[in-house]
Amino acid sequence: MKSATQERTPVSVSRATGANPAGEVRARWAWTKPAVWTERMLTALEGGVRGGVWFSLIDKVYRPANLRAAFAKVKANGGVAGCDHQTIAMYEVHLEANLGDLSEQLRCGEYRPHRIRRVYIPKTGSRELRPLGIPTVRDRIVQTALRNVIEPIFDRDFAEHSYGFRPGRGSKDALRRVDSLLKAGYTHVVDADLKSYFDTIPHQLLMEQVRDKIADGGVLKLIEVFLTQGVLDGLETWTPTSGSPQGAVISPLLSNAYLDPLDRLMEGQTVEMVRYADDFVILCRSAAEAQRALERVQQWTVDAGLTLHPDKTRIVDATEEAFEFLGYRFDRGQRWPRDKSIKKLRETLRIKTPRKHGRSLGDIIANVNRTTRGWFEYFKHASSISVYHSLDGWIRRRLRRILLKRHKKHRRNGMGLAHYRWPNAYFAEQGLFSMEAAYERLRQPVGR
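What comes next is a walk through the structure. Remember, it's a predicted structure, so these values are computed and weren't measured experimentally.

Right, let's get into the sheet that holds strand β7 (residues 279-284). Read from one edge to the other, the open sheet built from four strands follows the order β6-β7-β3-β8, with strand pairing classed as antiparallel. Whereas interior strands pair on both sides, the edge strands pair on one side only; in this sheet they are β6 (272-276) and β8 (314-317). The average undirected angle you get between the axes of adjacent strands in this sheet is 20 degrees. Sheet strands in contact with helix α14 (residues 287-303) are β3 (188-193), β7 and β8, and its direction is about 145 degrees off that of β7.

Here we take up helix α8 (residues 137-155). Its 19 residues give α8 an end-to-end C-alpha distance of 25 Å, which sits within 8% of 27 Å, the value for a rise of 1.5 Å per residue. Where burial is concerned, most of α8 is hidden: 18 out of the 19 residues are buried.

For the coordinates displayed, the defined rule picks out 16 aromatic pairs. Each ring, one from phenylalanine 165 and one from tyrosine 276, has its centre 5.6 Å from the other, and the planes form 45 degrees; the classification is tilted. With phenylalanine 165 in the loop between α8 and α9 (171-183) and tyrosine 276 in strand β6, the pair connects residues that are 111 residues apart, well separated along the chain. Taken together, a centroid distance of 4.6 Å and an interplanar angle of 35 degrees make the contact between tryptophan 375 and phenylalanine 379 tilted. Placement of the pair is tryptophan 375 and phenylalanine 379 together in helix α16 (residues 361-379), with a separation of four residues, close to one helical turn. This pair shows no difference in class: tryptophan 375 is buried, exactly as phenylalanine 379 is. Taken together, the ring pairs connect Tyr328, Trp375, Tyr378 and Phe379 into an aromatic cluster. Of note, arginine 335 hangs over the ring of tyrosine 328, and the distance from its end group to the ring centre comes to 4.8 Å.

As a further point, take the pattern of salt bridges. Scanning the entire structure with this criterion turns up 27 salt bridges. Between glutamate 267 and arginine 264 there is a salt bridge, and its shortest N-O distance comes to 2.8 Å. In this pair, glutamate 267 and arginine 264 both sit in helix α13 (residues 251-267), three residues apart, roughly one turn of the helix. Here glutamate 267 falls in the partly exposed class, since its relative accessible area comes to 39%. When salt bridges with common partners are traced through the structure, they connect Glu24, Arg28 and Glu46 into a single cluster.

On the surface, Arg130, Lys312, Lys340, Lys343, Lys344 and Arg350 cluster together to form a positively charged patch. Per-element accounting of the positive patch gives the leading share, four residues, to helix α15 (residues 339-352). As for its placement among the helices and strands, arginine 130 is situated in strand β2 (residues 129-134).

The strand order across the open sheet formed by three strands is β9-β10-β11, and the pairing between neighbours is antiparallel. At either margin of the open sheet sits one strand with a lone partner, and together these are β9 (322-325) and β11 (334-337). With direction set aside, neighbouring strand axes in the sheet form an average angle of 25 degrees. Here β9 pairs with strand β10 (residues 328-331) via four bridges, running antiparallel. Among the inter-strand pairings, glutamate 324 is bridged to a residue of β10, identified as arginine 329.

Moving on, we come to unusual backbone geometry. A positive phi angle, close to 65 degrees, is found at histidine 85, a residue other than glycine. Assignment of secondary structure puts histidine 85 in the loop between α5 (64-77) and α6 (88-93). Residue phenylalanine 165 is not a glycine yet carries a positive backbone phi of 55 degrees.

Further remarks concern the nonpolar core. Within the largest apolar cluster, 74 residues are counted, with the highest numbers of intra-cluster contacts made by Ile141, Ile150, Leu222 and Ile282. Element by element, the count of residues in this core is highest for α8, at nine residues. With near-sequence residues (within four places) excluded, isoleucine 282 lies in contact with His188, Val189, Val190, Met266, Val271, Glu272, Met273, Ala293 and Val297.

Turning our eyes to something else, we now look at the side chain of serine 341. Within the secondary structure, serine 341 sits in helix α15. Taking the relative accessible area as the measure of exposure, serine 341 reaches 10% and is therefore buried. When residues no more than four places from it in sequence are discounted, the contact partners of serine 341 are Gly327, Trp375 and Phe379.

Calculation rules
Residues numbered from 1 in each chain as written. Predicted model: local features only at pLDDT ≥ 70, side-chain atom pairs only at ≥ 80, totals over all residues. Heavy atoms only, no water. Pairing = 2+ DSSP bridges. Helix = DSSP H or I, 4+ residues; strand = E, 2+ residues; numbered from the N terminus. Axes fitted to C-alpha atoms, helices over the stretch in contact; angles between N-to-C directions. Contact = heavy atoms within 4.5 Å. Expected span 1.5 Å × (residues − 1). Buried < 20%, exposed > 50% of the residue type's maximum accessible area, 1.4 Å probe, protein only. Phe/Tyr/Trp six-rings, centres within 6.5 Å; stacked < 30°, edge-to-face > 60°. Lys NZ or Arg CZ within 6 Å of the ring centre and 35° of its normal. Salt bridge = Lys/Arg side-chain N within 4 Å of Asp/Glu carboxyl O. Patch = residues over 30% accessible without salt bridge, like charges linked within 9 Å, V, L, I, M, F, W, Y side chains within 5 Å. Areas by Shrake-Rupley, 256 points an atom, 1.4 Å probe, with all protein chains shown as cover. Lys, Arg positive; Asp, Glu negative; His and termini not counted. Charge placed at Lys NZ, Arg CZ, Asp CG, Glu CD. Core = buried A, V, L, I, M, F, W, Y, C linked by side-chain atoms within 4.5 Å.

Limitation: the analysis is restricted to geometry and does not speak to function.
Rendered as structure tokens:
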């Protein structure tokens, strides 16, 4: 597989250096870590290094300032302990000594990651379980430090239509792009699904993609050991021969890098691709264009050692039928939270509102609000208020059941009067967030 990077001829560092006034290049790359990326390096990044390949990077990975910044990020993200049972708080007790040891191991090439602890989480709307890998705190720090170094090198060349796990971009940007393309007449959609993508990325082909940009042997070895580190699955230990485990800090970047050639392939066509990690759609103006685009994707996935899901990959005429993307259902010019998104919200709120809840109503409502505010912020662009009206009513019924239980009323006999005893206004006074009211405020003209 030949990447698009090999076909571009970047200028040398010497030509790039000094091309920008001091401070401007830093502003354009504000998300990079100053502990790693100096202004001179950023200038070289923008202009392109000679040959397009970066050397001498491993010393930036084990630099103490970078490891401290990596730990701060790991701590902010939280997360549970890995197979060594060491929590973030436990690691922090002797932070400087731990980071010093880590830096020395990386410098000497003696660092070896621990096994990844594999857990399985439910897939919403399915009986299947999704595998999730949990590295140790120590390994998450190293992966974060590594990402701090190599992410700008890859992100510089990523396609404009790639939105997933990239600085300054997100799912809302991807959704806005899909919406605008549909309105512009790109109504024939290739709705694609890569089967078990994160578990099936071929290591050899992935490393070829990495070597197109990085020639530092220490960094390449570090990436390889993370791809092949052991997995502790219950009482069984095994070594992966493909894939990059979901849950690993470095996986999203590597997954984007592996799909970059597909992005470049679609850029040269008359169609429009929108991709968020392994979830992507290709929007076309005609059924014939969509069929040709699908055939190109099918051929590319075969060459890349990947598989399109036969039951979930299809061509959709968006003027006549619906398709789903990033939690939304696009249905003939309308947009709704998909059924799985609503089901997942209800499952989360059920856990927070059991009938025998021991906390005060104020605490319960505050906990519910944390979920519903975030959910609404993402799904506030639905085409109708009805979904919010229904969910608000369901949440209030859950809260009334808690109150009935506390007042020793049987649910069958008490629910008929519960609405009158605790009307909607009562929960509003208690501070319950209403998605319906928030939607109405959002739709009011500015200045009212």
